Amino acid sequence: MLQIGIVGLPNVGKSTLFKAVTNKQVDIQNYPFTTIEPNVGVVEVPDERVEKLAELSKSAKKIHATIEFTDIAGLVKGASQGEGLGNKFLANIREVDAIAQVIRAFESGDIIHVHETVDPVRDIGIINAELIIADLDTVSKRLTGTEAKARNDADARAQIPHLQKLAEALQKGSLISQLELTQDETALARELCLLTAKKFIYVINVSDAQLSEQWKPTPELLTAMGGSEYVTMCNKLELELSEMSREEKTAFLTELGLPESGLDRLIREAYHTLGLISFLTTGPDETRAWTCHRGDLMPRASRAIHTDFERLFIRAEVIRWDTLLEAGSYANARSKGLVHTVGKDYIVHDGDVVEILIGK
């Protein structure tokens, strides 16, 4: 399951966003886990295709793809040296696939900013500096150990220039995710669990008034975000929406002139940032969305259903979800030649509906 870590300074709206996430949490009975930690919320990926295909197939169950949001212990300046809950923060954040960094852009006399003034550019600098310092410590320790082994170890000697490149970039204040890395360097950054090698999504928390005025980030803020994706949302509004029924939520969003909630946009952005897509299966028992990486071959993608499927894969039948809807049924689609048989070299596309045949 995709894991997103929510991070931010105190009083920026991180806890409000996580409360909205947990209010939206799915019924875990449909999913392959039984317990959820107090600081974890599991939410569905919005997908109208699941709803429409379930209606077509008269499915007993509808199961969306899911994302796990983890509320990371609050970060303060000095976290990389253990200040506040620094060590817990760093341990938790190493486990996630991407980082949702909550940045405050709203003014409030009732909620005092930990640094007394609202400055999104400064806040990004503080958080990123702590992550960079932690990564530099990790890389420096590995480099020292690798240099000690290099005299008698060819593999260690080969790693040294890669480690030096990572260390030099961090010393200059660069995030590893913003570097052009070779395959070996990417693997090394992953092995070291470098925090700044993870994808960032910035959640810019604005007031409801700023949201209605279609607030835009300044050029300086865009530069500070370094080209990473961002979502502008009002976390207080998201909490209110999460407490409404589906009908109330739809009516309220329409009244505000918003096509969807900010949380739904964040979930979609997370998928896009990490290069993920969904393929689907449908039938009388259930309609379900499965997650794979863009560019995955069908055998690899089928691991989402069961890890043995990649090894046992023989072939699959594939049809676009909208083509299946237009046909009205699998029987009609097959009679019109719209269902295609594909082999191991087929690249899965977002929205493919598949039936997989495996051997023994």
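Residues numbered from 1 in each chain as written. Predicted model: local features only at pLDDT ≥ 70, side-chain atom pairs only at ≥ 80, totals over all residues. Heavy atoms only, no water.

What about the confidence of the model for the chain?
Threshold: Known as pLDDT, the predictor's per-residue confidence is scaled from 0 to 100. Throughout, a contact is declared for two residues whenever any of their heavy atoms are within 4.5 Å.
Taken over all residues, the pLDDT of the chain has a mean of 87, while the share at 70 or more is 91%. Below a pLDDT of 50 lies the segment residues 31-35, which in the model reaches 11 contacts outside its immediate sequence neighbourhood of four places, other chains included.

Quick word on the environment of Asp208
Rules: By the criteria applied, helices consist of DSSP H or I runs no shorter than four residues and strands consist of E runs no shorter than two, each listed in order from the N terminus.
Summarising the element assignment, Asp208 is placed in helix H7 (residues 208-212). Remark: the alpha-carbon pair of Asp208 and Trp290, spanning 82 residues in sequence, is separated by 35 Å.

Here we look at the sheet that holds strand E6 (residues 199-205)
Strand pairs in the sheet, formed through backbone hydrogen bonds, run parallel or antiparallel to each other. Spelled out, the test is: Pairing between two strands requires that DSSP report at least two bridges joining them. Axis definition: a line fit to C-alpha positions, over the contact stretch in the case of helices; interaxial angles, taken between N-to-C directions, run 0 to 180 degrees.
With mixed pairing, the six strands of this open sheet are ordered in space as E2-E4-E1-E5-E6-E7. If you trace the sheet from one side to the other, it starts and ends with strand E2 (40-44) and strand E7 (229-233), each paired once. The average angle at which neighbouring strand axes cross in this sheet is 25 degrees, direction not considered. Relative to E7, E6 runs parallel, the two sharing five bridges. From the neighbouring strand, Val203 faces E7, where its bridge partner is Val231. This element, helix H1 (residues 14-23), spans strand E1 (2-7), E2, strand E4 (66-71), strand E5 (98-104), E6 and E7 of the sheet and lies at about 55 degrees to E2. Set on the sheet, helix H4 (residues 120-149) makes contact with E5 and E6; between it and E5 the angle comes to about 145 degrees.

Side note on the pattern of salt bridges
The condition is simple: Throughout this description, the term salt bridge denotes a Lys or Arg side-chain nitrogen within 4 Å of a carboxyl oxygen of Asp or Glu. Summary of the burial criterion: residues with accessible area below 20% of their type's maximum are buried, those above 50% are exposed, and those between are partly exposed, where the area comes from a 1.4 Å probe applied to protein chains only.
Following the criterion strictly, the structure yields 19 salt bridges and no others. Across the pair Asp71 and Lys14 runs a salt bridge, and its minimum N-O distance is 2.9 Å. Placement of the pair is Asp71 in strand E4 and Lys14 in helix H1, with a sequence separation of 57 residues. Exposure class is identical for Asp71 and Lys14. Each is buried. Here Asp322 ties to Arg320 by a salt bridge, and the two come within 3.9 Å at their closest N and O atoms. Taking the relative accessible area as the measure of exposure, Arg320 reaches 33% and is therefore partly exposed. Residues joined by salt bridges that share partners form a network here, namely Asp47, Arg49 and Asp350.

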